[in-house]
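In case you want the letters, here they are:
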Amino acid sequence: RRLRDFQFAQEKRRKKYGKERPWGILGLYDHLASVRMDVEWAEDAAWRRQNCEPYLAWSDFEASKGSGFNRPFFTYLTLIVCTGVLVTSIALNGWRVERLDINPMIGPSADTLLMMGAKQANLIVNEKEFWRLFSPMGLHAGAIHFFLNMLALWFVGSAVEKSHGFCSAFVLFVVPAVGGTILSAIFLPAFVSVGASGGIFGLIGACLSDILMNWRLLFSDFVGIEGKKNHHIMVVVFLVLDIIVNCLVGLTPFVDNFTHLGGMLFGFLCGLSTMERVSPDFFGDEERCWSKTKHLFYRFFGIMLSLVGIAVTTIVLFNGDGRTTPCPACKAFSCIPFPWWEAENNKWWYCDDCSAVTANAVMDSETGFFDKVAINCPNGEISTFNVDGDTSLDKDSLEIKLPGYCRQFCDVGAF
């Protein structure tokens, strides 16, 4: 009788929303959430029959899932906090945004982001500002970065929270966000980065683990998706494209692919332990002892590997000097100057830390212009050079030209 109730719920869903052809991570996960909800309704209907309770229509049951305490309050709270922090960062930046060659995300300067808690390994390791492992998840590089992240959070975060609750959403957001920040601090110590992306990718990773744990069910004819090989391949293709598109955003300044993919990895592992699989027993597919043992192993493996991963990467981070990276070439994985075909002084944005450098300048008392500059390079060195050939270098023009001087006279690597 429960199976007939489930089929009835699926038919009601198809009449209301049409035949589903889920693509990509969110589409496939949304389909899984609908299957889980219909199973819950069928179980609820069976319990009501057994206990002589009044019947609850499927439409009323579905409506109850989006009302009262079933609302995604963690998602709402995160949206409110991130919005308030973005407005505050713009206010502290003098209610202005930086030039697009400095910050293409339409947002504040690196100095403002650092003041508000952006990730920089030197400050975490040597200045003992441990809170910077947590604060970047509430910051954003600018309006574009904020809009993309909040749009993803609204869809992915609310879907996960409605299916698994406030506590699971909190864990699947915070733990991957911190884990991704630690990885970023190890591989890109001088790189100033911010964003809720680590937590959002953690939620995406958790969605992937939930999808993989229920893969056979999702592609069974019983739940309405044709179980054909070509459909399997197309779904995998769209899953990969989803990840690639999100990683392309991570190739811009202040946005970090180590945080993205580190967050996804930790989210996937945490998801193995926190996501509840739809029981095959409901569909009459009795679970064998080996299958149950394998599922329990995955749950234990996920949480243990997450804890070990956080512990090991934290030890590696604080045993380092906070300035050098074990992989200098890895910077290209997280940021690419664009357009790469343009000359060095004509790019839309750069992937070094020259936008935040400072300098001491000596002024010629006769002309009133600077003739010597000592620039504090991103690698900690001081580079001194003469600019007496520029007869119009005052304070304002020096501030504009300082990033260019940094790239010319400092060792900022290949990027």
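Structure first, text after, so check above.
Small disclaimer: the values here were computed from a predicted structure and weren't measured. (Residues numbered from 1 in each chain as written. Predicted model: local features only at pLDDT ≥ 70, side-chain atom pairs only at ≥ 80, totals over all residues. Heavy atoms only, no water.)

Caption draft 1: Quick peek at the pairing of strand β3 (residues 382-386). Only one face of β3 is covered, namely the face carrying Ser383 and Phe385; the face carrying Ile382, Thr384 and Asn386 is uncovered. Looking at chain direction, strand β2 (residues 370-376) and β3 are connected through five bridges and run antiparallel. Looking at the pairing, valine 373 lines up with phenylalanine 385 of β3. (Buried < 20%, exposed > 50% of the residue type's maximum accessible area, 1.4 Å probe, protein only. Helix = DSSP H or I, 4+ residues; strand = E, 2+ residues; numbered from the N terminus. Pairing = 2+ DSSP bridges.)

Caption draft 2: Just the sheet that holds β3, in detail. Strand order across the open sheet formed by three strands is β1-β2-β3, with antiparallel pairing between neighbours. The open sheet is flanked by β1 (358-363) and β3, the only strands paired with a single partner. Averaged over neighbouring strand pairs, the angle between their axes works out to 20° when direction is ignored. (Axes fitted to C-alpha atoms, helices over the stretch in contact; angles between N-to-C directions.)

Caption draft 3: Up close: the state of the cysteines. Counting across every chain of the model gives one disulfide. A disulfide bridge connects cysteine 377 with cysteine 410, and the sulfur atoms are separated by 2.0 Å. Because the torsion about its S-S bond is -70°, the bridge between cysteine 377 and cysteine 410 counts as left-handed. With cysteine 377 in the loop between β2 and β3 and cysteine 410 in the segment after α14 (395-409), this residue pair connects regions lying 33 residues apart in the sequence. As far as the burial class goes, cysteine 377 and cysteine 410 line up, both buried. (Disulfide = S-S within 2.5 Å.)

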